[in-house]
Amino acid sequence: MFFFYQVEQHHIKLTMVVHVGGLVAIIFFYVLILIVGIWAGRKQKSSEKSPDTEEIMLAGRNIGLLVGIFTMTATWVGGAYINGTAEQVFSTGLLTCQAPLGYAISLVVGGLLFARPMRNAGYVTMLDPFQRKYGQRMGGLLFIPALLGEVFWSAAILSALGATISVIFTDVSMTASIIISAAVVIVYTLFGGLYSVAYTDVVQLGFIFIGLWISVPFALKNESVDSIITTWPEWRGHIDKSQIVEWMDGMFLLIFGGIPWQVYFQRVLSAKSAKNAMYLSFCAAIGCILLAIPPVLIGAIAKSTNWSMTNYDINKDITSPEATKLILPLVLLHLCPKFVAFMGLGAVSAAVMSSADSSVLSASSMFARNVWKLVFRNQASEREVLLVMRIGIFLVGAAAAGIGILVSSIYVLWYLCSDLVYVILFPQLLCVVYVPHTNTYGSLSAYIIGFVFRILIGEPSLSIPALIRFGPYIPPKTLCMIISLATTLIISLIAKILFEKRILPPQLDILHCLVNIPNEVLPLKESVTTDELQQQYRLVKPKSTTTIVATEQQCLSEPTMMINSSYLPSQDTLNIYPNS
């Protein structure tokens, strides 16, 4: 009796030591990330006395190629990326696991089509070209799906981290882990902006690489795991002919819907040159594929495991949705030594924080610049914009943490938002960069029609019934995107013809973007916020009355896209030239 008591007491002490050791390791990791973030924040030139929002948002466009590759890769390789990859390989097989390949191709396409022109134009956020061409309020409207996508994405990955920690440390609540992780992210992002985010991404990517690759050999050598080569047919997966259209639709969504995100363009626009911006996209694509290998192997290991030979509770079905979502931490917990499991958990924590900080900074940057500054308070000072951005960092981080704690179907909400980004934002981004004749009428029409069609095709996970069907051989989401693109092109062309051919009188140009343009037109400077615009741009007077008759307007010397001044709350402070 005494012997069994001693053994039990020893087991309890050992468990306590293991848990304490694991918690110390996690605390060390969080403190290290916080220190690196605060140290990196000191590199910025902006200060409270002379604030510079561009320095905070884009690190002064001084991110080198190596750091840029790390931060771009770390942004994509998040907690949902590695957890979701392992889950997909385990549940349905490798062939149906689309995220690694889809996001890698997305980075290549983004680098080829958008990185160079966006960086050359010197924009600060993804929404800048929209507001230059379609007006501030249209840009503010396009901010909505972008914001929701970032917030729900952050909430989903924070929730994934909370679930992972609660699996390995059963005495640590999911709520506590989410709150602590969100707090660390908010603090170092507040301190240093993109500098902190980029340099902590380097450390976090190192943790991801080391933690996951160390875990794989230990899991493979576990006696309850069969050879993954032998079990290849089981975890390879299979795509039926009836699933090909759905698979293609999902792949197109990942490739093209993965481009119009501020987290991507924040890195592109922070690069030292347009060439670097393109190269870091290509290199990050390779990084995404390389860092998908460990979670793919972990999913294969889970599929090859006889779970009855492990400490896993056999009363709980390992193939249930609740268990498959946590398959990566379950492999770490039951197939690896404890110290290895803690290193793997550090990798998951790093992956989560490397994505969450990017989304928090991106959403707050867009709000401070493109909504607060350019829609509501166009005369706001740099200090005010910086204050709003910092408040936004706190609110977005707090909102993501709150949603991660309270909402059970976050992934579903994020999935729908990513659909809206694909259907609404991608075709408009394509048009605003490559199609000169598009205008606000086409943009607004496509926004509404794209949204309506996406809702009409339904969403089973949200119990939204399908009211229209396009047939078995047509990818529905991609068709919605094409309809949105066609709407932008056709409506813009029709509006342009109707007003420029004087079929409709100028007074009916209610969006003031074609002929009924006000006398003052404020260009949106690419590199900084608009309180410096009057010093950098000049409004010019038409050279002759013939020009005035021909255009019925005074015009701007800006050669291409211009912002529509009818969207400005006030024109009182603009210095305009006198009428002749």
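Residues numbered from 1 in each chain as written. Predicted model: local features only at pLDDT ≥ 70, side-chain atom pairs only at ≥ 80, totals over all residues. Heavy atoms only, no water.

## A few points about the overall build of the chain
Heads up, the condition is: Numbering of helices and strands starts at the N terminus; helices are DSSP runs of H or I of at least 4 residues and strands are runs of E of at least 2. For every residue, the accessible area (1.4 Å probe, protein chains only) is compared with the maximum for its type, and the residue is labelled buried under 20%, exposed over 50%, or partly exposed between those bounds. Pairs of residues are marked as contacts when any of their non-hydrogen atoms sit within 4.5 Å. The Shrake-Rupley method, run with a 1.4 Å probe sphere, supplies the accessible areas, and residue values consider only the shown protein chains as cover.
Summing up its helical and strand segments, the chain has 21 helices and zero strands in all. Within the chain, the fraction of its 580 residues that count as buried is 56%. At a minimum sequence separation of 6, the contacts of the chain that also span at least 24 residues come to 83%. Approximately 24700 Å² of the chain is accessible, and the part contributed by carbon and sulfur atoms is 68%.

## Section: unusual backbone geometry
In this model, arginine 502 sits at a positive phi of 60°, which is unusual for a non-glycine residue. Tracing the backbone through its elements, the reader meets arginine 502 in the loop between helix H19 (476-500) and helix H20 (533-536).

## Thoughts on the environment of tryptophan 247
Within the element layout of this structure, tryptophan 247 appears in helix H10 (residues 244-257). Using a relative accessible area of 27% as the deciding quantity, one classes tryptophan 247 as partly exposed. The spatial distance from the C-alpha of tryptophan 247 to the C-alpha of leucine 95 is 9.7 Å, given a sequence separation of 152 residues. In contact with tryptophan 247, not counting residues within four places along its chain, are Leu95, Thr96, Gln98 and Ile239.

## Thoughts on empty space enclosed by the protein
The test is simple: Cavities and pockets were defined on a 1 Å grid built from protein atoms only: a cavity is a group of points that admits a 1.4 Å probe but offers it no way out, a pocket is an open group of points flanked by protein on both sides within 12 Å along at least five of seven lines, and a lining residue is one with an atom within 4 Å of any such point. Grid points are joined across faces, edges and corners, and a volume is the space filled by probe spheres set on the points.
Inspection of the entire model under this criterion finds two cavities of 30 Å³ or more. What the largest cavity holds in volume is close to 40 Å³. Along its surface, the largest cavity is lined by Ser154, Leu158, Ala182, Val185, Ile186, Ala356, Val360 and Gly397. Those elements that provide at least two residues to the lining of the largest cavity are helix H7 (136-168), helix H8 (174-220) and helix H15 (338-376). The greatest single-element share of the lining of the largest cavity, amounting to three residues, is contributed by H8.

## A short note on the packing of helix H4 (residues 79-91) against helix H12 (residues 274-303)
Condition: Working convention: axes come from line fits to C-alpha atoms, limited for helices to the stretch in contact. Angles between N-to-C directions cover 0 to 180 degrees. Roughly parallel here means an angle under 35 degrees, roughly antiparallel means over 145, roughly perpendicular means 65 to 115, and every remaining angle is called oblique. Less than a right angle of anticlockwise turn of the near helix away from the far helix marks a crossing as left-handed, whereas a clockwise turn marks it as right-handed. Note on residue categories: nonpolar means Ala, Val, Leu, Ile, Met, Phe, Trp, Tyr, Cys or Pro, charged means Asp, Glu, Lys or Arg, and polar means any other residue, Gly included.
Where H4 meets H12, the closest approach of the two axes is 7 Å, and the angle between their N-to-C directions is 40°. As far as their axial angle goes, H12 and H4 are oblique. For the pair H4 and H12, the crossing hand works out as right-handed. In this structure, H4 uses Tyr81, Ile82, Thr85, Ala86, Val89 and Phe90 to contact H12, whose residues at the interface are Cys288, Ile289, Ala292, Pro295, Val296, Ile298, Gly299, Ala300, Ala302 and Lys303. Here the residues of the contact of H4 with H12 sort into 13 nonpolar, two polar and one charged.

## Points about the packing of aromatic side chains
For clarity, the threshold we go by: Pairing of aromatic rings covers Phe, Tyr and Trp, the last counted by its six-membered ring, and requires centre-to-centre distances within 6.5 Å; plane angles under 30 degrees mean stacked, over 60 mean edge-to-face, and any other angle means tilted.
The final tally for this structure, using the stated rule, is 15 aromatic pairs. For the pair phenylalanine 218 and phenylalanine 339, a centre-to-centre distance of 6.0 Å together with 80° between the ring planes defines the contact as edge-to-face. Of the two residues, phenylalanine 218 sits in helix H8 while phenylalanine 339 sits in helix H15, which places them 121 residues apart along the sequence. Ring geometry for tryptophan 307 versus tyrosine 312: centroids 5.7 Å apart, planes at 65°, classification edge-to-face. A residue is classified by how much of its surface remains accessible, and tyrosine 312, at 10% relative accessible area, is buried.

## A look at the pattern of salt bridges
Note the following rule: When a carboxyl oxygen of Asp or Glu is within 4 Å of a side-chain nitrogen of Lys or Arg, the pair counts as a salt bridge.
Throughout the structure, instances matching the rule amount to seven salt bridges. Here arginine 369 makes a salt bridge to aspartate 128, at a shortest N to O gap of 3.0 Å. Of this pair, arginine 369 sits in helix H15 while aspartate 128 sits in helix H6 (residues 128-134), and the two are 241 residues apart along the sequence. Side by side, arginine 369 and aspartate 128 carry an identical accessibility label, which is buried. Glutamate 500 is the partner of lysine 496 in a salt bridge, and the nearest nitrogen-oxygen pair spans 3.0 Å. In this pair, lysine 496 and glutamate 500 are both assigned in helix H19, four residues apart and thus about one turn of the helix distant. Among the residues examined, glutamate 500 registers a relative accessible area of 42% and is labelled partly exposed. One salt-bridge network, in which partners are shared between bridges, spans Asp419, Arg454, Glu459 and Lys477.

## As for the side chain of asparagine 83
Summarising the element assignment, asparagine 83 is placed in helix H4. The residues contacting asparagine 83, other than those within four sequence positions of it, are Ala160, Thr164, Leu328, Pro329 and Val348.

## As for a nonpolar patch on the surface
For clarity, the cut-off: Patches here are clusters of residues that have more than 30% relative accessible area and form no salt bridge, with a 9 Å joining cutoff for like charges and a 5 Å cutoff for nonpolar side chains (Val, Leu, Ile, Met, Phe, Trp, Tyr).
Taken together, Phe209, Ile210, Trp213, Phe218, Ile286, Leu290, Ile293, Phe339 and Met343 make up a surface patch of nonpolar side chains, about 830 Å² in accessible area. Looking at the nonpolar patch, the element that brings in the most residues is H8, giving four residues. Relative to the helices and strands, isoleucine 210 is located in helix H8. Its relative accessible area of 46% is what places isoleucine 210 among the partly exposed residues.

## Quick notes on helix H11 (residues 262-270)
Counting buried positions along H11 yields nine of nine residues, so the element is predominantly enclosed. Turning to H11, its buried residues are Gln262, Val263, Tyr264, Phe265, Gln266, Arg267, Val268, Leu269 and Ser270.

## Things to note about the packing of helix H3 (residues 65-76) against H11
At a minimum axis separation of 10 Å, H3 and H11 run at an interaxial angle of 180°. Classed by the angle they form, the pair H3 and H11 counts as roughly antiparallel. Taken together, the residues of H11 that come into contact with H3 (itself represented by Thr71, Met72, Thr75 and Trp76) are Val263, Tyr264, Arg267 and Val268. Class assignment for the residues of the contact of H3 with H11 results in five nonpolar, two polar and one charged.

## Examining the confidence of the model for the chain
Just so we agree on the cut-off: One confidence number per residue, pLDDT, is output by the predictor and ranges from 0 to 100.
Residues of the chain with pLDDT of at least 70 account for 81%, and the chain-wide mean is 79. In this model residues 1-18 is a low-confidence stretch, pLDDT under 50, and it forms two contacts with partners more than four residues away in sequence or in other chains.

## Focus on the environment of leucine 290
When you line up the elements, leucine 290 lands in helix H12. Note: C-alpha distance between leucine 290 and proline 100 (190 residues apart in sequence) is 9.1 Å.

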